[in-house]
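Close look at the chain arrangement
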Amino acid sequence: MGETVSWSVYLIISSQLPKTYVGATNDFSRRLKQHNGKLKGGAKASRAGRPWTCACIVQGFKDQSEACMFESKWKSFSQKLPRKKEVEDTGIGADDGAGSLHLLKHREAALNRVKGCVDCSHLDIEWHQDPS
């Protein structure tokens, strides 16, 4: 039997734009290099906004299927939650931190919704950038 692959779901944030990205991977350091253009294979959606940094990583998924389901729910709740229009409309960006902080709070609220409908007791949720 081969080595067990560990899957994680991650939230990265742009240092240039008020923009975040949620994804799933079995090798986060490789994936972040892809998003930042240092390795081939980054998502087209993350080309604008480089460089990206890790905002949150969720680890401990049993398999790829569980990680992808969690990623999908996090993205879905992020889309469904209402956003405060004034931050987006003023064009406040990563330069003063207000737009980025708002995005992190929005993603955190969506993650809390996911935690309400999925058993996360076996998962390790680690924030690298504090949304509060």
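Just above sits the structure.
Below is a summary of the structure that appears in this document. Predicted model, so just to flag it, every value in this text is computed and none were measured.

What to know about the overall build of the protein chain
Within the protein chain, the regular secondary structure consists of four helices and four strands. The linear arrangement of helices and strands in the protein chain, starting from the amino end, is β-β-α-β-α-α-α-β. Here the protein chain holds 132 residues, and 42% of them are scored as buried. Across the protein chain, every contact between residues at least 6 apart in sequence was considered, and the portion connecting residues at least 24 apart equals 65%.

What to know about the side chain of Thr-25
Summarising the element assignment, Thr-25 is placed in strand 2 (residues 20-25). Separated by 3.0 Å, the side chain of Thr-25 and the backbone nitrogen of Asp-27 make a polar contact. If we ignore the near neighbours within four places in the chain, the residues touching Thr-25 are Ser-6, Trp-7, Ser-8, Tyr-10, Arg-30 and Arg-31.

Notes on helix 2 (residues 64-80)
For helix 2, built from 17 residues, the straight-helix expectation of 24 Å at 1.5 Å per residue is met to within 8% by its first-to-last C-alpha distance of 24 Å. For helix 2, the secondary structure elements touched by its buried residues are strand 1 (7-14), strand 2, strand 3 (52-61) and helix 4 (98-117). Looking at where helix 2 begins, the residue whose side-chain oxygen comes 3.3 Å from the main-chain nitrogen of Ser-65 is Asp-63.

Comments concerning the packing of helix 2 against helix 4
Between helix 2 and helix 4, the shortest axis-to-axis distance is 8 Å and the interhelical angle comes to 125 degrees. Taken together, helix 2 and helix 4 sit at an angle that is classed as oblique. The handedness of the crossing between helix 2 and helix 4 comes out as right-handed. Residues Phe-70, Lys-73, Trp-74, Lys-75, Phe-77 and Ser-78 of helix 2 form the contact with helix 4, whose own contacting residues are His-106, Arg-107, Ala-110, Leu-111, Arg-113, Val-114 and Cys-117. For the contact of helix 2 with helix 4, the class distribution of residues is seven nonpolar, two polar and four charged.

Regarding the environment of Lys-115
Summarising the element assignment, Lys-115 is placed in helix 4. When near neighbours in sequence (up to four residues on either side) are disregarded, Lys-115 contacts Cys-120 and Ile-125.

So, the environment of Ser-132
Summarising the element assignment, Ser-132 is placed in the segment after strand 4 (124-127). With relative accessibility at 65%, the residue Ser-132 sits in the exposed group. If sequence neighbours within four positions are ignored, Ser-132 has contacts with Leu-101 and Lys-105.

Brief notes about the nonpolar core
If you look at the biggest cluster of nonpolar residues, it comprises 22 residues, and the most contacted ones within it are Val-9, Leu-11, Val-58, Phe-61, Phe-70 and Trp-74. Looking at this core, the elements that each hand over two or more residues are strand 1, strand 2, strand 3, helix 2 and helix 4. The residues touching Trp-74, leaving out its near neighbours within four places in the chain, are Val-9, Tyr-10, Leu-11, Val-22, Cys-56, Val-58, Arg-107, Ala-110, Leu-111 and Val-114. Grouped together as the second largest cluster of nonpolar side chains are nine residues, Tyr-10, Ile-12, Trp-52 and Cys-54 included.

About the cut-offs
- Residues numbered from 1 in each chain as written.
- Predicted model: local features only at pLDDT ≥ 70, side-chain atom pairs only at ≥ 80, totals over all residues.
- Heavy atoms only, no water.
- Helix = DSSP H or I, 4+ residues; strand = E, 2+ residues; numbered from the N terminus.
- Buried < 20%, exposed > 50% of the residue type's maximum accessible area, 1.4 Å probe, protein only.
- Contact = heavy atoms within 4.5 Å.
- Polar contact = N/O pair within 3.5 Å; in protein donor to acceptor, adjacent residues only side chain to side chain.
- Expected span 1.5 Å × (residues − 1).
- Axes fitted to C-alpha atoms, helices over the stretch in contact; angles between N-to-C directions.
- Parallel < 35°, antiparallel > 145°, perpendicular 65-115°, else oblique.
- Left-handed = near helix turned anticlockwise from the far one by under 90°.
- Nonpolar A, V, L, I, M, F, W, Y, C, P; charged D, E, K, R; others polar.
- Core = buried A, V, L, I, M, F, W, Y, C linked by side-chain atoms within 4.5 Å.

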